[in-house]
4 protein chains.
Amino acid sequence: MKAIVKQTAAPGAGYVDVDDPKPGPKDVVIAVKSAAICGTDIHIYDWTRYAQDRIKPPMIFGHEVCGDVVELGSQVDTLQKGDRVAVETHIPCGVCFQCQTGNQHICEKMAIVGVHTDGVFAEYAKIPAVCCWKLPGDFDPDLGAILEPIGVAVHGILEGEVNGMSVAVFGCGPIGLFGIGAINALGANKIFALEPNRARLEMARKFAPNAVLINPADENAVQIIKESTGGRGVDVVVELSGSPAAVKMAFQVLRLGGRVSLVGLPSQPITLDAPTDIIYKEAKVFGTTGRRMWDTWWQVQGLLDSGKFDPMPAVTHRMGLAEIGKGIDLAKTGQAGKVLLYP
Amino acid sequence: MKAIVKQTAAPGAGYVDVDDPKPGPKDVVIAVKSAAICGTDIHIYDWTRYAQDRIKPPMIFGHEVCGDVVELGSQVDTLQKGDRVAVETHIPCGVCFQCQTGNQHICEKMAIVGVHTDGVFAEYAKIPAVCCWKLPGDFDPDLGAILEPIGVAVHGILEGEVNGMSVAVFGCGPIGLFGIGAINALGANKIFALEPNRARLEMARKFAPNAVLINPADENAVQIIKESTGGRGVDVVVELSGSPAAVKMAFQVLRLGGRVSLVGLPSQPITLDAPTDIIYKEAKVFGTTGRRMWDTWWQVQGLLDSGKFDPMPAVTHRMGLAEIGKGIDLAKTGQAGKVLLYP
Amino acid sequence: MKAIVKQTAAPGAGYVDVDDPKPGPKDVVIAVKSAAICGTDIHIYDWTRYAQDRIKPPMIFGHEVCGDVVELGSQVDTLQKGDRVAVETHIPCGVCFQCQTGNQHICEKMAIVGVHTDGVFAEYAKIPAVCCWKLPGDFDPDLGAILEPIGVAVHGILEGEVNGMSVAVFGCGPIGLFGIGAINALGANKIFALEPNRARLEMARKFAPNAVLINPADENAVQIIKESTGGRGVDVVVELSGSPAAVKMAFQVLRLGGRVSLVGLPSQPITLDAPTDIIYKEAKVFGTTGRRMWDTWWQVQGLLDSGKFDPMPAVTHRMGLAEIGKGIDLAKTGQAGKVLLYP
Amino acid sequence: MKAIVKQTAAPGAGYVDVDDPKPGPKDVVIAVKSAAICGTDIHIYDWTRYAQDRIKPPMIFGHEVCGDVVELGSQVDTLQKGDRVAVETHIPCGVCFQCQTGNQHICEKMAIVGVHTDGVFAEYAKIPAVCCWKLPGDFDPDLGAILEPIGVAVHGILEGEVNGMSVAVFGCGPIGLFGIGAINALGANKIFALEPNRARLEMARKFAPNAVLINPADENAVQIIKESTGGRGVDVVVELSGSPAAVKMAFQVLRLGGRVSLVGLPSQPITLDAPTDIIYKEAKVFGTTGRRMWDTWWQVQGLLDSGKFDPMPAVTHRMGLAEIGKGIDLAKTGQAGKVLLYP
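Residues numbered from 1 in each chain as written. Chains lettered and ligands numbered in written order. Predicted model: local features only at pLDDT ≥ 70, side-chain atom pairs only at ≥ 80, totals over all residues. Heavy atoms only, no water.

Grouped burial of nonpolar side chains is what soluble globular proteins tend to show. All names here are of chain D. By size, the foremost hydrophobic cluster in this structure holds 54 residues, and its most contacted members are Ile 146, Leu 147, Ile 150 and Ile 180. Here this core gets seven residues from one element, more than from any other, and that element is helix α5 (residues 147–158). Here this core spans two domains, since at least three of its residues come from each of domain 1 (2–146 + 311–342) and domain 2 (153–287). Once you skip the residues sitting within four places of it in the chain, Ile 180 turns out to touch Val 169, Cys 172, Ile 191, Ala 193, Ala 204, Phe 207 and Ala 208. (Core = buried A, V, L, I, M, F, W, Y, C linked by side-chain atoms within 4.5 Å. Buried < 20%, exposed > 50% of the residue type's maximum accessible area, 1.4 Å probe, protein only. Helix = DSSP H or I, 4+ residues; strand = E, 2+ residues; numbered from the N terminus. Domains from an automatic or database assignment. Contact = heavy atoms within 4.5 Å.)

Written out as structure tokens, the structure is:
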């Protein structure tokens, strides 16, 4: 089959022929219908430090995907050939303390599809059955491919409450846009969207028509938010940008006793003035990663069913697998929302 | 001044002249701008068992109100003459365990305006300053008069979460309508409204256009709800009707592990099959009464500010104080939503 | 092998020869080291209504057990021959909404070992691997056999908090005794133990030396508890007796805003005065059943490791499997704490 | 009267004659029975940056105190002359959002006794009635004087749960010792106490006999804690030292999904690796300050009533007010636990 392969420990990737995958006893093989480029894929393509620490070439990467089951491992009895599935990319061990207590998403021995195993930028992909989220047979594959990143946003949001609250979202990349749409549907009272990239900021309007859009490069975000909240600041910040400056600002716009959810991954250390930022303020800081299995997936499905949340406007580009380089470039430079790839 | 007075231990009430109220050191006197009839007022007017156990005639009743401060007690420094206020009708003692731990609304020595003290169906009313919720000077007095019952609904709803969840509301009287509107604004995924009175049920549509309206007198509510929720039942029930049959049904439509908030006051004992209704189901049952001081008031204000919740369509009748008998009758027979009275 | 078999739809059971169990692909077979009699076993033996609704003779009953793995199903890779295990008796389906969201213990398609499948009152038992809790090789089998009922108590207690709180426990059967010991270790401030059987009440002292022991048949429990809590009542009630009168009393001794956990299974309907018992009181009522998989098991292990909780004094009798009739009789008449059976 | 006065903007303080305090209408005057030296007092005495930013000499400092009411302001009706009281040192405004929603301890306009108003290192002190916690008439004044710092520890601990959990406490100064004793009484499963000062570390043994004592200057704290917790790390860290290195280590010893409560006030910025320390770990970080009014005070009283927690061994020195310099020196150099002063 054709696949995108990280061939060597260097930037780039090849679109090459490889053997079809064979399922292990607990795996299925899916025919990939639609896949999406994630920030992690950019790291792998660009061979950043993050990738160098984790990736062992040669390997197929990519992990956001929707496909149809075409082959079943010998022990798989929860799926059938022909089932359409989306994929949870965190592979839990199933037996550690975290897996045994409802926290498979922070498994002590976590592996990740397309990082620690061959991924989904290919015609076919081998996926553990335990990572398959079954969809209706006619489910839009493009929507299926982005359920995983929607889940990242929703998990970060719903580790606390947002109903009736004021919420600031830092970062309007694809996950930020999903988050803004979800927060709007989940009954937030007031939404602030912050993003220095004008095009992305403008896209936020499609996800929450009444959101206050703030470009922190041009505007005094702290002042705007404070003035719009009676001087108190917001009840909740959802930090999706991974910018250390944004993390710092998150605490400045937070009200006393408010909640900050950190989801975006800063590549530099963050520096905080603990008394002012956290202690005197009695801030609650929640780190979140990935998605709960399967609580978050059910929440995402509920949001989609509610008719109040449409994530598709975040998808801005679609192309063939072979055009991976172009897709990576669009995503990296902020000219795109979500980029989908097709085998 | 003119006032509605419960004159004797018998049904009815008089519209009569009484002395103007004088504030104690911690009270204010307000000029009543708008007042609303509550179910408690019907009990007092009709001299039911509930009233006989609590009311000592002669006394002025009524407690849902908006007015302007016209006189200040000697120790009051948190309000000024001319301030527009709504009134929290539960008067906390301020020193008991509950008052000291953020639960003034279930004070161990609770008194209630218009039940244990003279009320607001009058030109002027004496109100403890600690019970005044300050409003902007141009706040609509009719909206101000119904903040208290809106709070009853919101408090019941927000003792748990509703965002992204399926919710059934039992009872579409005024508090039920407020509740349905609030649940819709707070991001519920799916709403079921249950009410045997057709006119009231129809009004629910104004508060949640996508709600599933169910007349349990004509339809199989349990079946409808189960079928609409994949056979599982709803995540949350908010019971506002006070009907023992509704309480029973609440547990039947609840999913495993779901939450029932009991707000409506049954006048008969409720009988439950504890293993099936609660224990094997791991139901969470929350009794709620009144409103949190002042958490719920802030939540109500946030809802109103959000632009997603308009309670005014529940107000169906407006009349002078002297027409109390007619207003009581309209409310009692279910022909009205909320009835407002003006001095 | 020898086993206790419910042979016909009538009271009693036989100690007879049956075929050794064969594991299915996801099962193990264990050699039973120690088993314990539960209230459910009394229902089955006595052929009560509960049993008639669930049990299809002939079948082996019994479900509280510790044993050693002697045979592995073809797909089992989480256990090895020789492993000592205790058994979670609720068999989750693994794919329903509850199983997918951390609530396997209230699976929508729950089956129970020794009720819906052959049980453990036998030399060998077939157990789904997913229900095995691995123990150290030298773990006391008698302690292993009672981890499951200890879990019932701990799960009921820890659905809310008890640390620093006043707690009343209704019922001092084996689960009540485990509960009292756990509550004592978990940092409750004041413990009240209620039980009409003098012998059982007296045993509570071994589990919480400072507990206030109350015989509700002889003493005014409500008055004693109110006087010992400044007139307010307790923060938490854990109802383990299943007596409708105890459920009623639970709400009378509860403080405003307190929590009642219902664990014991009343065989009659319970009747509550909703306004007084739940609504005005803002009671929180939590039904709990079984044990969380595996949160509760970890909590039980933590309690045992802490050195603050010793459940063994609840074990009062030990006998051979063949003496099941005598064991049932001892347990039923309240002359025993926990009765253990050995093949 | 005699009082300790910060006379000028420079290190030191005077023991001098000043006018007796007069109560405002909402204040009482107490005769000081026992007062305790806090870290804040050291800042004021030493005229550190913290003090320079807040203190306007001349003023009396000190705020941890127990005394008897000797004079009542004209509007005070919740206390009587002769009442023994401890003092909540955070003076809430009573009308801001935080004060209105059960969070007076993080009032938006907070003032602090002995920082923003004259304090308690004197024969008499003026205290807002709203800050008085009434004690029995024969309550030990020394215990009364330390309820406030005990509350700091208990508030930090109980913003989450500790029952049945493993907990590491960083810092064994007086608040650390109180915290260790409270955690022990509240049912933690395993306690680790960390402190570089040998004398203080040794004192921890009196508060939790089974605690693992770790001197992070000499021992590999991370390794010890990991090995004692099955490699996972602790469920909870309570950071009371204010050391940036300790904050960093707190995240290293925390298990996936665990909770860090930050209470101690670092004087330098803290630097965190957000992905590793918080996000991938899904850490929950709670800042806490002061004590809840009055939830924490009730919790402290419950702990004392339980008989499981005795804070008095933390009091190591007692002296007259005039010896303030010596007391400050003992506290500052870590030779003392809590130092009490008497007028």
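Residue and element names in this part refer to chain D. Tracing the chain through its elements places Met 59 in strand β4 (residues 59–60). A relative accessible area of 6% places Met 59 in the buried class. When neighbours within four sequence positions are excluded, Met 59 is seen to be in contact with Ile 4, Val 5, Lys 6, Gly 114, Val 115, Thr 117 and Asp 118.

Moving on to the packing of helix α5 (residues 147–158) of chain A against helix α6 (residues 174–185) of chain A. The relative placement of two packed helices comes down to the angle between their axes together with the axis-to-axis distance. Residues and elements named next belong to chain A. Look at α5 against α6: their axes get within 8 Å of each other, and the N-to-C directions meet at 55 degrees. Between α5 and α6, the angle is such that the two are oblique. Along this stretch, α5 crosses α6, giving a crossing that reads as right-handed. Each of Pro 149, Ile 150, Val 152, Ala 153, Val 154 and Ile 157 in α5 lies in contact with α6, whose residues at this interface are Ile 175, Phe 178, Gly 179, Ala 182 and Ile 183. Classifying every residue of the contact of α5 with α6 by side-chain character gives 10 nonpolar, one polar and no charged. (Axes fitted to C-alpha atoms, helices over the stretch in contact; angles between N-to-C directions. Parallel < 35°, antiparallel > 145°, perpendicular 65-115°, else oblique. Left-handed = near helix turned anticlockwise from the far one by under 90°. Nonpolar A, V, L, I, M, F, W, Y, C, P; charged D, E, K, R; others polar.)

The transformation that overlays chain D on chain A combines an axial shift of 0.0 Å with a rotation of 180 degrees, and the residual RMSD is 0.0 Å. When the rotation and shift are considered jointly, the pair of chain copies conforms to a two-fold rotation axis. Both copies share a contact surface, since 100% of the interface residues of chain D are interface residues in chain A too. (Least-squares fit on C-alpha atoms with pLDDT ≥ 70 in both.)

On to the pairing of strand β12 (residues 190–194) of chain A, then. Residue and element names in this part refer to chain A. Counting buried positions over the five residues of β12 gives four, a clear majority of the element. Pairing of strand β11 (residues 166–170) with β12, which is carried by five bridges, proceeds in the parallel orientation. Note on β12: the bridge partner recorded for Phe 170 is Leu 194. One crossover worth recording links β11 to the parallel β12 by way of α6, and it is right-handed. Bridge count for β12 against strand β13 (residues 212–214) is three bridges, and the pairing is parallel. Bridge assignment links Ala 193 to a residue of β13, and that residue is Leu 213. Crossover β12 to β13 through helix α7 (residues 198–207) is right-handed. (Pairing = 2+ DSSP bridges. Right-handed = clockwise from strand over helix to strand, strands pointing away.)

We now examine the sheet that holds strand β4 (residues 59–60) of chain B. Residue and element names in this part refer to chain B. One open sheet holds the three strands; their spatial order is β2-β1-β4, and the pairing between them is antiparallel. Whereas interior strands pair on both sides, the edge strands pair on one side only; in this sheet they are β2 (14–17) and β4. Bridging between strand β1 (residues 2–6) and β4 involves two bridges; their strand directions are antiparallel. Its bridge partner lying in β4, Lys 6 is registered against Met 59.

Before going further, it helps to spend a moment on the interface of chain B and chain C. Taken residue by residue, the interface counts 38 residues in chain B and 37 residues in chain C. Interface area, chain B with chain C, both sides summed: about 3200 Å², of which 63% is carbon and sulfur. Of all residues in chain B, the largest losses of buried area upon contact with chain C belong to Ile 279, Tyr 280 and Glu 282 of chain B, amounting jointly to 21% of the total for that side. The tally of links from chain B across to chain C stands at zero salt bridges. Where chain B meets chain C, there are 13 residue pairs in polar contact (both at pLDDT 80 or more). Counting residues per element, the ones that place at least two in the side of chain B that touches chain C are α3 (97–100), β15 (254–262), β16 (270–272), α10 (274–279) and β17 (284–287) of chain B. Class assignment of the residues belonging to the side of chain B that touches chain C gives a composition of 20 nonpolar, nine polar and nine charged. The pairing of β17 of chain B with strand β17 (residues 284–287) of chain C spans three bridges and is antiparallel. By the bridge assignment for β17 of chain C, Phe 286 of chain B is matched with Lys 284 of chain C. (Buried area = accessible area lost by both parts, 1.4 Å probe. Salt bridge = Lys/Arg side-chain N within 4 Å of Asp/Glu carboxyl O. Polar contact = N/O pair within 3.5 Å; in protein donor to acceptor, adjacent residues only side chain to side chain.)

Moving on, we get to the pattern of salt bridges. Residues and elements named next belong to chain A. Taken as a whole and judged by the stated rule, the model has 68 salt bridges over all chains. For Asp 53, the salt bridge goes to Arg 49, with nearest N and O atoms at 3.2 Å. Linked through salt bridges whose partners overlap, the residues forming this network are Lys 33, Asp 68 and Arg 84.

If you rotate chain B by 180 degrees and push it 0.0 Å along the axis, it lands on chain C with an RMSD of 0.0 Å. When the interface residues of chain B are mapped onto chain C, 97% of them again fall at the interface, so both copies present the same face.

Once that is clear, we can look at the interface of chain D and chain A. Contact residues are listed per partner, giving 37 residues for chain D and 37 residues for chain A. For the pairing of chain D and chain A, the buried interface totals around 3200 Å² over both sides, and the portion due to carbon and sulfur atoms is 63%. Contact with chain A buries area across many residues of chain D, yet Ile 279, Tyr 280 and Glu 282 of chain D alone supply 21% of it, more than any other trio. Across the contact surface, chain D and chain A share zero salt bridges. On inspection of chain D and its partner chain A, the count reaches 13 residue pairs in polar contact (both at pLDDT 80 or more). Among the elements of the structure, α2 (49–54), α3 (97–100), β15 (254–262), β16 (270–272), α10 (274–279) and β17 (284–287) of chain D are those that each provide at least two residues to the side of chain D that touches chain A.

A common measure of how large an interface is: the accessible area buried when the components associate. Residue and element names in this part refer to chain A. Domain parsing of chain A yields domain 1 (2–146 + 311–342) and domain 2 (153–287). Measuring from the centre of the C-alpha atoms in domain 1 to the corresponding centre in domain 2 gives 29 Å. Taken together, the contact between domain 1 and domain 2 spans 12 residues of the former and nine residues of the latter. Regarding the contact of domain 1 and domain 2, the summed buried area is about 800 Å², with carbon and sulfur atoms giving 70% of it. At the surface where domain 1 touches domain 2, the tally comes to zero salt bridges. Counting the contacts that link domain 1 with domain 2 gives two residue pairs in polar contact (both at pLDDT 80 or more). In the side of domain 1 that touches domain 2, the residues fall into six nonpolar, five polar and one charged.

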